[in-house]
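# Observations on the three-dimensional arrangement
The lines below spell out each chain.
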Amino acid sequence: MSAKRFARCNTLVLETLQSRLESAPQSEFSECRLFDSDGSKYLLQREQDAPSLFRVFFSLAGFTDNEAVSTNLTPIMLELQARNESICRVSTGQGTYQLKFEVLCDRLLGLEPAQQLSMFQSIASVRADILCWPLRQQLTVLKAGAVPEHGTVVMYSKPGQPILVKQNQDDCLVVFPIWLPDGTSRAYTNAFIQGFAESRRLGASGDSPQCSFTAGPAPVPVPTTVQEYVNEAKGGFVSIVVLPRHVKESTLDEFVWTLLSFHDHVQYHVKCFKALIHSRMRKRMQNMILELGQAKTNNREILAAINTN
């Protein structure tokens, strides 16, 4: 799957931050709301009485159901704060917002363009950072070789789409329940999932985790908190086995985000496959219409020749 296709950094948020922050405090901008594809939201705010202070509030969609994230919010904030210690303050949000960034515009404008971009990307990638944190911790423990004793851990890439993670002694099993849509997309999704798993199983190498497909039941114990969601996964289960050699510090964040983007990857390719099938059908229909038109023209010429004779 393409890590670039489902980027960690929200491009809309990044561009908005650049335009708003670089023009502060001269601009008259006071508030702006942005939404991510899963319903997560950003609130960009600058008050008139503090023009050099720019606030960004973030709310993760489905946060209350994501226990793996909510229990680790403090270390997530500490890591985000460490990245931008002199420019930005990170703290607990207000109301429905879990995080608050306070950007010091005076210090920001004194940085090099590359440093400014790094800070913007840090804020625009906060959704990915929060979602990736639980799985990243699991893989870090796997790499260290100190696997703790626990059962199946539930994580989310989107609200209502749990991912099951089971740590073993020598590997980490990441299980994706597959929910099949109604209508014709159901057959496309089922065919794609099985083909994907088979190709990854046969083509797995040292740099590529092994992948398998099971129609059911789930290959790992399912916690009661997500039993209802998992039971509705009529498309089976895709399991990806991550070994310690797959966990590399330099690419860990992108690797984890690529795993969490698996459901998006499936939906994207199913839509592309449907578009391909429809384009082929339209092309065949156009060719058929042309052939029928040509046949009518030839028929009229033949009848005209007969009548002439």
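## Brief notes about the overall build of the protein
Looking only at helices and strands, the protein features 10 helices and 10 strands. Here the protein holds 309 residues, and the buried ones make up 43% of them. Relative to all contacts within the protein whose residues are 6 or more apart in sequence, the contacts with residues 24 or more apart total 62%. Carbon and sulfur atoms make up 53% of the accessible area of the protein, which totals about 16,500 Å².

## Quick word on the packing of aromatic side chains
For the structure shown, the criterion picks out three aromatic pairs. Note on Tyr42 and Phe58: the rings are 4.9 Å apart at their centroids and 55° apart in plane angle, and the pair reads as tilted. Of this pair, Tyr42 sits in strand β2 (residues 41–45) while Phe58 sits in strand β3 (residues 53–59), placing them 16 residues apart in sequence. Taking the relative accessible area as the measure of exposure, Phe58 reaches 1% and is therefore buried. Where Phe57 meets Tyr97, the ring centres are 5.8 Å apart and the plane angle is 55°; that geometry is what we call tilted. Of this pair, Phe57 sits in strand β3 while Tyr97 sits in the loop between β4 (88–92) and β5 (99–104), and the two are 40 residues apart along the sequence. The positively charged end of Lys41 is found above the aromatic ring belonging to Tyr97, 5.3 Å away from the centroid.

## Re the pattern of salt bridges
Scanning the entire structure with this criterion turns up eight salt bridges. A salt bridge links Asp36 to Arg127; its shortest N-O distance comes to 3.9 Å. Here Asp36, found in the loop between β1 (31–35) and β2, pairs with Arg127, found in helix α6 (residues 126–144); they are 91 residues apart in sequence, far enough to count as distant. The pair Asp36 / Arg127 is uniform in exposure class, with both members buried. One network of salt bridges, with partners in common, ties together Arg55, Arg89, Lys100 and Glu102.

## Quick notes on the nonpolar core
Among the nonpolar cores identified, the biggest contains 65 residues, and Leu99, Leu139 and Val242 are the most heavily contacted of them. When residues of this core are assigned to their parent elements, the largest contribution, nine residues, is made by α6. Beyond its immediate stretch of four places on either side in the chain, Leu139 contacts Gln167, Cys172, Val242, Val247, Leu252, Phe255 and Val256.

## Remarks on a nonpolar patch on the surface
On the surface, Met285, Met288, Ile289 and Leu292 cluster together into a nonpolar patch covering about 410 Å² of accessible area. If you trace the backbone, Met285 turns up in helix α10 (residues 262–308).

## Remarks on the sheet that holds β3
Strand pairing in a sheet relies on backbone hydrogen bonds, with the paired strands running either antiparallel or parallel. Ordered by their spatial adjacency, five strands build an open sheet running β1-β2-β3-β5-β4, and the pairing between neighbours is antiparallel. In the strand order of this sheet, the two ends are held by β1 and β4, each with one partner. Pairs of neighbouring strands in the sheet enclose a mean axial angle of 15°, with direction left out of account. In terms of strand pairing, β2 meets β3 through five bridges, oriented antiparallel. What sits directly across from Lys41, in β3, is Ser59. The strands that helix α3 (residues 73–83) touches are β4 and β5; relative to β4, the one it contacts most, it runs at about 170°. The strands touched by helix α5 (residues 113–124) are β2, β3 and β5; relative to β5, the strand with the most contacts, the crossing angle is about 165°.

## Digging into the packing of α6 against helix α9 (residues 252–260)
Relative orientation of the contacting elements α6 and α9 amounts to 105°, with a least axis distance of 9 Å. One finds that α6 runs roughly perpendicular with respect to α9. Residue-level inspection shows Arg127, Ala128, Leu131, Cys132, Leu135, Arg136, Leu139 and Thr140 of α6 in contact with α9, the latter providing Leu252, Asp253, Phe255, Val256, Trp257, Leu259 and Leu260. Classifying every residue of the contact of α6 with α9 gives 11 nonpolar, one polar and three charged.

## Things to note about the confidence of the model for the protein
Do not read the predicted coordinates in detail wherever pLDDT is low. Chain-level pLDDT for the protein is 79 on average; 86% of the residues reach the 70-or-more range. Highest mean pLDDT in the protein belongs to strand β8 (residues 172–177) (91); lowest belongs to helix α2 (residues 67–70) (63). Contacts of residues 1–5 to residues separated by more than four positions or lying in other chains number seven contacts, the stretch itself having pLDDT below 50.

## Topic: the packing of α3 against α6
α6 packs onto α3 with a crossing angle of 125° between their chain directions and a minimal axis gap of 10 Å. Comparing the axis directions of α3 and α6 gives the class oblique. Taken as a pair, α3 and α6 cross one another with a handedness that is right-handed. Of the residues in α6, those in contact with Pro75, Ile76, Glu79, Leu80 and Arg83 of α3 are Val126, Asp129, Ile130, Trp133 and Arg136. Residues of the contact of α3 with α6, tallied by class, amount to six nonpolar, no polar and four charged.

Conventions we followed
Residues numbered from 1 in each chain as written. Predicted model: local features only at pLDDT ≥ 70, side-chain atom pairs only at ≥ 80, totals over all residues. Heavy atoms only, no water. Helix = DSSP H or I, 4+ residues; strand = E, 2+ residues; numbered from the N terminus. Buried < 20%, exposed > 50% of the residue type's maximum accessible area, 1.4 Å probe, protein only. Contact = heavy atoms within 4.5 Å. Areas by Shrake-Rupley, 256 points an atom, 1.4 Å probe, with all protein chains shown as cover. Phe/Tyr/Trp six-rings, centres within 6.5 Å; stacked < 30°, edge-to-face > 60°. Lys NZ or Arg CZ within 6 Å of the ring centre and 35° of its normal. Salt bridge = Lys/Arg side-chain N within 4 Å of Asp/Glu carboxyl O. Core = buried A, V, L, I, M, F, W, Y, C linked by side-chain atoms within 4.5 Å. Patch = residues over 30% accessible without salt bridge, like charges linked within 9 Å, V, L, I, M, F, W, Y side chains within 5 Å. Pairing = 2+ DSSP bridges. Axes fitted to C-alpha atoms, helices over the stretch in contact; angles between N-to-C directions. Parallel < 35°, antiparallel > 145°, perpendicular 65-115°, else oblique. Nonpolar A, V, L, I, M, F, W, Y, C, P; charged D, E, K, R; others polar. pLDDT = per-residue confidence, 0-100. Left-handed = near helix turned anticlockwise from the far one by under 90°.

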